[in-house]
Structures are given as structure tokens and as C-alpha cells.
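Structural overview
Single-letter residue listing:
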Amino acid sequence: MKLVTVIIKPFKLDDVREALSAAGVHGLTVTEVKGFGRQRGHTELYRGAEYVVDFLPKIRIDIAVTDDAVDTVIEAVLASARTGKVGDGKIFVSPLEHVVRIRTGEEDEGAI
């Protein structure tokens, strides 16, 4: 099992959710986060004063999947989240050692 963590631009969330649903993903967790990569934030003008926004709003999506579904999830995210501009995001894949569904006590792949 793997935990796929995706960081994307906020306006791409609906596109990514629809693509993941079409790819057979049944559950995910979405968190609003802030951060920056190579774009290093940007400068904005507010009431005539210029200030630097160091951390940009992003969306973090966590998806627990079986090993054979990882490539499908990655392809769905790449196809739906890519704008071709700096700041499109990242995909991280981590091993998931143990999962338990609280309601039923099912474990591992049965709990996903």
C-alpha cells in the first residue's frame, strides 16, 4: 500500500477530484496549506502599499491506494492538475505500512 500526497493549486481541486473519481479512487483527504517552491512567493499591492506574500495558498490531497493503483492515480493527477506554469505542484509517494478502518476493524487493503 502507498500514501500518495499531492500538492496543487487551489483552483485545480475540482478537476483533480473528478479525474481521481474517474480513475476509481473512492476516498481522499483534502487540506488547505500554504507554501512555496521555486516561485518563491510574489509581491502584491494593498491600499497603495506593496508587500511580499512568502507563502502561497495550496491544496494538499492525501490518497491511500494499493500498490497497483499508484500509477493510475499519478497519471490522473498529472493530466488534471498541469497548467504548464511554475507552481503546478508535486506528487509524493510514501509506503503505507498499516491501515485500520475504525468502524469495522478491517485492516490494510480491506480498510482502503
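Our structure's up above, just so we're on the same page.
This text gives an overview of the structure that appears in the document.

Thresholds, definitions, all that
- Residues numbered from 1 in each chain as written.
- Predicted model: local features only at pLDDT ≥ 70, side-chain atom pairs only at ≥ 80, totals over all residues.
- Heavy atoms only, no water.
- Salt bridge = Lys/Arg side-chain N within 4 Å of Asp/Glu carboxyl O.
- Helix = DSSP H or I, 4+ residues; strand = E, 2+ residues; numbered from the N terminus.
- Buried < 20%, exposed > 50% of the residue type's maximum accessible area, 1.4 Å probe, protein only.
- Expected span 1.5 Å × (residues − 1).
- Arc of directions from axis to C-beta.
- Contact = heavy atoms within 4.5 Å.

1. A short note on the pattern of salt bridges
What the rule picks out here adds up to 4 salt bridges. Lys-9 is paired through a salt bridge with Asp-88; the nearest N and O atoms lie 3.8 Å apart. Of the two residues, Lys-9 is situated in the loop between strand S1 (2-8) and helix H1 (13-22) and Asp-88 in the loop between helix H2 (70-81) and strand S6 (89-95); the sequence distance between them amounts to 79 residues. Relative accessible area serves as the criterion here: at 16%, Lys-9 is assigned to the buried category.

2. Looking at H2
In this model, H2 (12 residues) spans 16 Å end to end at C-alpha, consistent with the 16 Å of a helix rising 1.5 Å per residue. For H2, every residue scored as buried is listed here: Val-70, Val-73, Ala-76, Val-77, Ser-80 and Ala-81. Considered in projection along H2, the buried side chains sweep an arc of 130° and stay on one side of the axis. Turned more than 90 degrees away from the buried face of H2, the exposed residues are Asp-71, Glu-75 and Ala-79. Turning to H2, the residues buried within the fold contact S1, H1, strand S5 (56-65) and S6.

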